[in-house]
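Each chain is listed here by its residues.
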Amino acid sequence: MPGQQSVQTICPFCGVGCGMNLLVDHQESVVGVSPQSDHPISKGKLCAKGWSTPFAIEPGDRLKHPLIRTPNGFRAASWEEALEVICFGLEDIITRLGPDAVGVISSARASNEDNYAAQKFARAVLGTNNVDHCARICHSPTVAGLKQTLGSGAMTNSAADIDQADVIVVWGSDATENHAILGGHIIEAKLRGATLIVVDPRRTRLAKLADLHLQVRSGSNILLANALLHEIYRHGWQDQAFLDARCEGAEALAEAVADCSPSRLSEAIGVPASQIQTLARIYGQAGNAMIFYGMGITQFVSGTFNVMALANLALSCGQMGRPGTGVNPLRGQNNVQGACDMGCLPNVYPGYQDVADPAARQRISDYWQCLVPNRTGLTSMGMTRAALRGVFKGMILFGEDPVVTDPDQNEVLASLKALDLLVVAELTMTETASHAHVVLPAASFAEKNGTFTNCERRVQLVHQAIPPVGESRGDWQWLGAIARRLGSKALDWTDSQAVFDEMAAITPNYSGMTYPKLARHHGLQWPCNETAPDGTALLHQTSFPIGRARLIPVHHVDIDEPADGDYPLQLTTNRLHFHYGCGSMSRKSPLLERETPDGILFINPLDAQSLGLRDHSAVGVRSRRGYLETRAILTDDLPPGLVSMPYHFHEAPSNQLTNRAMDPISKMPELKVCAVRVCPLPEGQQPRPIQAILAQTSGSDPQETSG
Ligand SMILES: Nc1nc2c(c(=O)[nH]1)N[C@H]1C(S)=C(S)[C@@H](COP(=O)(O)OP(=O)(O)OC[C@H]3O[C@@H](n4cnc5c(=O)[nH]c(N)nc54)[C@H](O)[C@@H]3O)O[C@H]1N2
Ligand SMILES: Nc1nc2c(c(=O)[nH]1)N[C@H]1C(S)=C(S)[C@@H](COP(=O)(O)OP(=O)(O)OC[C@H]3O[C@@H](n4cnc5c(=O)[nH]c(N)nc54)[C@H](O)[C@@H]3O)O[C@H]1N2
Ligand code: SF4
Ligand SMILES: [Mo]
């Protein structure tokens with residue numbers, strides 16, 4: 001079509017990182033999407049969310065000017081005014097309470113350049129290591145657990161390896177819904193004859209296709225891994241040559257699992273011992289076996305140990321360092337791997353260089369020409385807690401909606417109210433932005449250049465397709481504007497390539513990458529450096545970053561809040577294929593929105609019957625922390641006793657209910673299980689949105705309301 005052009009970029013939703021082209025009309029609006037046929041992972045495909053991208057960035061309800069809170073709501077402001085309010089607020093808090101009373105929450109949806117700028121802003125401009133992002137409540141146990149056992153917290157293999165696996169174990173991951181294109185590769189592998197095994201308390205789509213589905217009790221991952229190891233060592237199915245040559249700790253591990261027989265543990269795991277024995281035989285005797293895992297492993301108070309348990313399993317069987325093997329965390333957000341690599345974590349500078357390591361501190365300080373802080377900073381929920389204690393007062397947050405996505409919504413709301421300054425940079429007015437003192441309009445991925453790093457460590461170029469909507473600015477650009485007004489030139493880059501080049505120079509895994517080189521390849525997988533100039537598809541082929549891998553025995557940890565007489569059902573939270581995160585982008589698409597009603601509680605028909613519920617009955621759901629109303633959907637994909645809610649719906653947010661109890665190592669909250677009570681609403685009563693429930697109960701305890 002005349003006036004139309006096609007711009008190559010990367011899907012802005014999940015960590016698969018599919019290649020897409022944006023169809024641009026007269027250089028000003030995105031009117032369509034097409035898949036890239038030669039992309040190494042997506043190979044000419046996109047899932048429903050990818051196809052709906054134009055709706056997600058559509059200018060209809062985009063923020064177009066900065067907004068400043070007044071007693072009567074927000075008023076439009078110029079950038080100058082907004083920057084003045086922000087800088088005055090930051091300087092005031094830092095003068096009174098010091099730099100650790102402020103912090104930055106960056107975005108795994110934004111580019112590497114934006115995230116590099118965010119952590120540099122925190123460290124070099126504000127003078128604090130208080131910087132974190134959603135990886136905390138996603139794969140922080142992966143970073144902590146695999147770092148200890150393997151020396152590197154990323155997917156060990158590549159998506160392409162699925163073609164070479166004989167056995168695929170999908171453990172606590174709903175890949176056809178959440179990593180749809182990669183889930184499709186898993187289905188193709190099954191069709192060509194690979195053995196597919198699913199470990200999940202819910203009967204997911206892959207579970208229905210699998211050769212074996214272990215419908216485990218939620219929170220029993222370590223018990224199962226240890227029972228499998230027990231069988232493997234008892235039968236001598238371990239790979240002794242691999243253990244001798246490349247690992248340490250095998251003997252202690254074998255001893256630690258000596259009393260973990262499947263028959264002894266099967267009841268606690270919730271599946272017959274024979275299924276555990278079958279899985280041990282299949283995995284223990286496999287040629288190439290690949291483990292994929294997700295939030296069913298990480299979102300527990302035992303998250304880090306769960307990850308280590310899976311690493312123990314793969315290492316014991318020598319399933320590492322070859323194509324079609326490995327331990328593969330399916331990183332969630334389009335750029336969550338990158339946001340971690342960039343150092344948007346309170347304990348590491350870019351490239352996982354420890355803030356407590358004096359040599360690393362010196363290196364970064366020399367390079368940035370300022371002394372960077374060496375105290376470990378606060379995690380995202382650490383900032384929440386510190387705000388409630390009155391010692392944390394200012395937050396700059398972009399591209400996250402913690403009011404909807406962090407656990408225990410009422411605590412999150414209370415902590416935001418305790419801040420003197422909350423700045424939110426967003427595409428649209430989210431629940432969190434509505435609580436800000438200053439809202440900044442952020443440019444979407446289609447309006448900026450940069451890079452995203454996908455789940456298989458592939459760094460890919462994102463190209464600007466249209467001008468920024470309204471007065472919106474890229475995240476590193478508005479961060480730079482604040483820095484300049486605070487008197488710092490630390491973020492004075494000319495363009496995104498300059499940000500990338502600075503980052504690559506101090507981030508060892510990225511040191512061999514440049515924009516032109518990324519353009520010549522279809523992205524490059526890290527490590528990409530002098531010894532691996534074309535990147536690395538497969539990690540740990542001959543050695544581990546820590547030399548030998550460490551087998552560290554781990555033991556079962558009870559879930560924090562088991563069901564009891566008052567709260568007799570166990571609630572888990574999951575995702576739906578057609579919606580994404582807080583829903584602020586996916587719910588703009590009428591096509592995606594049509595697929596699912598607003599808010600859902602999935603419940604087994606037996607539980608529904610005993611509560612007197614029919615399909616679509618209106619229900620109240622209560623936990624020790626909150627209350628919401630929604631509609632029930634009856635399904636035997638869940639066992640009796642377990643109910644499930646997606647977390648995408650701001651009007652019925654499952655995080656009203658969830659538990660903030662944390663994994664002591666990674667500070668991951670237990671988002672995958674808490675206890676609830678479900679009651680039918682009176683006949684004819686519609687579920688009320690949470691905003692209405694909270695407005696009615698403000699001042700009184702929400703626990704006291706009806707339902
Ligand atoms: N459509 C869509 N896709 C997405 C997202 C989205 O919001 N929507 N979000 C992205 C993000 S940020 C992420 S992190 C990924 C997450 O992708 P997944 O990891 O697939 O996420 P979930 O669906 O939350 O949880 C996975 C599974 O864990 C299971 N589970 C619960 N408890 C246990 C347990 O004790 N043991 C085992 N083995 N399994 C258990 C659940 O039943 C569920 O099927 O998805 C990404 N992709
Ligand atoms: N109960 C429960 N809660 C969960 C989970 C669960 O399984 N259960 N999963 C957790 C997980 S794994 C994750 S990762 C989190 C995700 O939680 P969030 O990170 O809060 O979720 P997103 O919906 O991805 O929010 C991203 C926001 O970024 C904005 N955005 C997109 N691109 C840009 C950009 O370039 N710049 C700026 N400034 N903004 C941008 C979007 O408009 C959107 O509002 O949720 C967690 N919460
Ligand atoms: S699988 Fe993920 S990256 Fe690919 S099109 Fe779907 S949402 Fe986008
Ligand atoms: Mo995530």
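All figures in this text were calculated on a predicted structure; none of them were measured in a lab.

**Student:** Report on the overall build of the chain, specifying residues and quantitative values.
**Tutor:** A tally of regular secondary structure across the chain gives 26 helices and 28 strands. Relative to the compact-globule value of 27 Å for 707 residues, the chain shows a C-alpha radius of gyration of 24 Å, a close match. Overall size of the chain, expressed as C-alpha extent along the three principal axes, is 70 × 70 × 60 Å. Long-range contacts, defined here as pairs at least 24 residues apart, represent 73% of the contacts in the chain between residues at least 6 apart. As presented, the chain carries roughly 24,400 Å² of accessible surface, and 52% of it is formed by carbon and sulfur atoms.

**Student:** How would you summarise the site of ligand 1 if you had to cite specific residues and measurements?
**Tutor:** Near ligand 1 you find 36 residues, and of these N178, D200, G219, R575 and H579 are the closest. Between an oxygen atom of ligand 1 and a main-chain N or O atom of G581, the distance comes to 2.8 Å. Among the secondary structure elements, those contributing two or more residues to the shell around ligand 1 are α6 (175-178), α14 (295-298) and β23 (569-574). Among the elements that take part in the shell around ligand 1, β23 stands out by supplying three residues, more than any other.

**Student:** How would you sum up the site of ligand 2? Please name residues and give values.
**Tutor:** Taken together, 34 residues form the shell around ligand 2, and within it D401, T405, E426, C582 and S584 come nearest. Residue S584 places a side-chain N or O atom 2.6 Å away from an oxygen atom belonging to ligand 2. One of the side-chain nitrogen or oxygen atoms of K672 is found 3.1 Å away from an oxygen atom of ligand 2. Its free accessible area being 920 Å², ligand 2 has 98% of it covered by the protein chains. Broken down by class, the residue content of the shell around ligand 2 amounts to 15 nonpolar, 11 polar and eight charged. Residue assignment places the shell around ligand 2 across two domains, with domain 2 (67-137 + 335-448 + 467-508) and domain 4 (569-704) each supplying three or more.

**Student:** Can you break down unusual backbone geometry residue by residue, with the values?
**Tutor:** Among all residues except glycine, the phi angle is most often negative; among peptide bonds, the trans geometry is most common. For the bond running from W526 to P527, omega is -5°, close enough to zero to count as cis. The residue P527 is located in the loop between β21 (524-525) and β22 (549-550) in this model. Backbone geometry at H26 places phi at a positive 45°, although glycine is not the residue there. Within the secondary structure, H26 sits in the loop between β2 (19-25) and β3 (29-35). Even without being glycine, H540 reaches a positive phi, approximately 60°. Mapped onto the elements of the fold, H540 is located in the loop between β21 and β22.

**Student:** Outline the UniProt feature "domain: 4Fe-4S Mo/W bis-MGD-type" (unreviewed entry) in the chain, supporting the account with residue identities and numerical values.
**Tutor:** Cross-referencing UniProt, the feature "domain: 4Fe-4S Mo/W bis-MGD-type" (unreviewed entry) maps to residues 4-61 in the present numbering. Between the C-alpha atoms that bound residues 4-61 the distance is 24 Å, and the span itself is 14% helix and 36% strand.

**Student:** Lay out helix α7 (residues 180-191) in plain terms, naming residues and giving numbers.
**Tutor:** Along its 12 residues, α7 runs 16 Å from first to last C-alpha, staying within 8% of the 16 Å computed at 1.5 Å per residue. Residues of α7 that are buried include every one of A180, I181, L182, G183, H185, I186 and A189, and no others. On its buried face, α7 is in contact with β8 (167-171), α6, β9 (195-199), α8 (205-209) and β12 (289-293). Positive backbone phi, at 120°, marks G193, one or two positions downstream of α7.

**Student:** Mind laying out the domain arrangement of the chain, listing which residues take part and the relevant values?
**Tutor:** In terms of domain boundaries, the chain breaks down into domain 1 (5-56), domain 2 (67-137 + 335-448 + 467-508), domain 3 (140-329) and domain 4 (569-704). The partner domain 3 presents 10 residues to the 10 residues of domain 1 that form the contact. Carbon and sulfur atoms supply 68% of the area that domain 1 and domain 3 bury against each other, a total of about 690 Å² over both sides. Area buried by domain 1 at its contact with domain 3 is led by V16, I41 and K45, which between them contribute 51% of it. Where domain 1 meets domain 3, there are one salt bridge. Our count for the domain 1 to domain 3 interface comes out at two residue pairs in polar contact (both at pLDDT 80 or more). In terms of residue class, the side of domain 1 that touches domain 3 is built from six nonpolar, one polar and three charged.

**Student:** Tell me about the packing of aromatic side chains, residues and numbers included.
**Tutor:** Going through the model one piece at a time under the given rule, you end up with six aromatic pairs. The interplanar angle of 80° and the centroid separation of 6.2 Å between the aromatic rings of Y116 and W368 together place this pair among those described as edge-to-face. Placement of the pair is Y116 in helix α4 (residues 112-126) and W368 in helix α17 (residues 358-368), with a sequence separation of 252 residues. We classify Y116 as buried; its relative accessible area is 0%. Look at F500 and Y515: their rings are 5.2 Å apart centre to centre, the planes differ by 50°, and that puts the pair in the tilted class. One end of the pair, F500, is in helix α22 (residues 496-506); the other, Y515, is in helix α23 (residues 515-520), and 15 residues separate them in sequence. Overall, F500 belongs to the buried group, its relative accessible area being 1%. Accessibility expressed as a relative area gives 9% for Y515, which makes it buried. The residue whose ring lies beneath R457 is W526, and the NZ or CZ to ring-centre distance is 5.9 Å. Directly above the ring of Y567 sits R677, whose terminal nitrogen or CZ lies 5.1 Å from the centroid.

**Student:** I'd like a rundown of the sheet that holds strand β13 (residues 327-329), residues and numbers included.
**Tutor:** One open sheet holds the five strands; their spatial order is β10-β9-β8-β12-β13, and the pairing between them is parallel. The two strands at the open ends of the sheet, each matched to only one other strand, are β10 (212-214) and β13. Each neighbouring strand pair of the sheet contributes to a mean axis angle of 15°, computed without reference to strand direction. Where β9 and β10 come together, three bridges link them in parallel fashion. Each bridged residue has a counterpart across the sheet, and for I197 the counterpart in β10 is L212. Against the sheet, helix α15 (residues 303-316) contacts β8, β12 and β13, and its axis sits at roughly 175° relative to β12.

How each quantity is defined
- Residues numbered from 1 in each chain as written.
- Chains lettered and ligands numbered in written order.
- Predicted model: local features only at pLDDT ≥ 70, side-chain atom pairs only at ≥ 80, totals over all residues.
- Heavy atoms only, no water.
- Helix = DSSP H or I, 4+ residues; strand = E, 2+ residues; numbered from the N terminus.
- Rg over C-alpha atoms; globule rule 2.2 N^0.38 Å.
- Contact = heavy atoms within 4.5 Å.
- Areas by Shrake-Rupley, 256 points an atom, 1.4 Å probe, with all protein chains shown as cover.
- Near = heavy atom within 4 Å.
- Polar contact = N/O pair within 3.5 Å; in protein donor to acceptor, adjacent residues only side chain to side chain.
- Nonpolar A, V, L, I, M, F, W, Y, C, P; charged D, E, K, R; others polar.
- Domains from an automatic or database assignment.
- UniProt positions renumbered as here; feature names shortened; annotations may be inferred.
- Expected span 1.5 Å × (residues − 1).
- Buried < 20%, exposed > 50% of the residue type's maximum accessible area, 1.4 Å probe, protein only.
- Buried area = accessible area lost by both parts, 1.4 Å probe.
- Salt bridge = Lys/Arg side-chain N within 4 Å of Asp/Glu carboxyl O.
- Phe/Tyr/Trp six-rings, centres within 6.5 Å; stacked < 30°, edge-to-face > 60°.
- Lys NZ or Arg CZ within 6 Å of the ring centre and 35° of its normal.
- Pairing = 2+ DSSP bridges.
- Axes fitted to C-alpha atoms, helices over the stretch in contact; angles between N-to-C directions.

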